[in-house]
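Examining the three-dimensional arrangement
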Amino acid sequence: MILAKVRDTRFLTIRRGGTLTDSDHHRLALWAASCAEHVLDLFESARPADPRPRQAIEHARAWARGEVTMTQARAAGGHAMGAARDLRGAPRHAAFAAGQAGAVAHVAAHELGAAAYAIKAARAAAPDGEGETAGRRESQWQRDQLSEAIRALVLDDQQLRNNLCWSVFNC
């Protein structure tokens, strides 16, 4: 469970009573897609013929550009998570990262799920004894990708939901 029980109004769009602008919602989706894509090879090396996680990332970006509907992006995210079902370790986490990225179109707060699963994938793929270092590197890479428009929001969200996200943002 990566979502808080009480929804943070900063991640609800203005038209739904929150404070999130459409452009920042799109930025969150694009950032989540980048986080997921950064570890996608960990899934694709295990399942090169399965396009579902890549399609979820593509749908997240297409939604941000206004080319697909929220429902299409969310469905692609669900299919990516389905690709993870019978996997373990890094490939599973990478597929979940892609699924979370696709779900950002529906619920902006899934942005942290994409990032957290990507960190878990990087940790799981690291050689023995190097998982924490790999996780810190992945987290720093993700933070370097944040645009100034959403940087403070995401970093604050990481602190608030760190415990829900397996404490992967402790770096």
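Because the structure is predicted, anything quoted here is derived from the model rather than measured.

Bringing unusual backbone geometry into the picture now. Even without being a glycine, Trp166 presents a positive backbone phi close to 60°. With respect to the helices and strands, the residue Trp166 is situated in the segment after helix 7 (148–161). Taking relative accessible area as the criterion, Trp166 reaches 33% and is therefore assigned partly exposed.

In this structure the tally under the stated criterion is 13 salt bridges. In this structure, Arg10 engages Asp156 in a salt bridge whose closest nitrogen and oxygen atoms are separated by 2.7 Å. Placement of the pair is Arg10 in the segment before helix 1 (22–44) and Asp156 in helix 7, with a sequence separation of 146 residues. Given a relative accessible area of 33%, Asp156 falls into the partly exposed group. Between Arg161 and Asp157 there is a salt bridge, with its nearest N and O atoms 2.6 Å apart. In this pair, Arg161 and Asp157 both sit in helix 7, four residues apart, roughly one turn of the helix. Because the salt bridges share partners, they merge into one network encompassing Glu37, Glu44, Arg54 and Arg61.

Attention now goes to the environment of Val68. Structurally, Val68 is set in the loop between helix 2 (52–64) and helix 3 (70–83). Other than its neighbours up to four places away in sequence, Val68 contacts His59, Ala62, Trp63 and Ala73.

Enumeration according to the criterion identifies two aromatic pairs in this entry. Ring centres 5.1 Å apart and planes at 40° place the aromatic pair Phe96 and Tyr117 in the tilted group. Placement of Phe96 in helix 4 (residues 89–103) and of Tyr117 in helix 5 (residues 111–125) is noted, with a sequence separation of 21 residues between them. There is no split in this pair, since Phe96 and Tyr117 are both buried. Through pairs of rings, three or more aromatic residues link up here, namely Phe96, Tyr117 and Trp166. Just above the ring of Trp166 sits the side chain of Lys120; from NZ or CZ to the centre is 4.1 Å.

Procedures and definitions
Residues numbered from 1 in each chain as written. Predicted model: local features only at pLDDT ≥ 70, side-chain atom pairs only at ≥ 80, totals over all residues. Heavy atoms only, no water. Helix = DSSP H or I, 4+ residues; strand = E, 2+ residues; numbered from the N terminus. Buried < 20%, exposed > 50% of the residue type's maximum accessible area, 1.4 Å probe, protein only. Salt bridge = Lys/Arg side-chain N within 4 Å of Asp/Glu carboxyl O. Contact = heavy atoms within 4.5 Å. Phe/Tyr/Trp six-rings, centres within 6.5 Å; stacked < 30°, edge-to-face > 60°. Lys NZ or Arg CZ within 6 Å of the ring centre and 35° of its normal.

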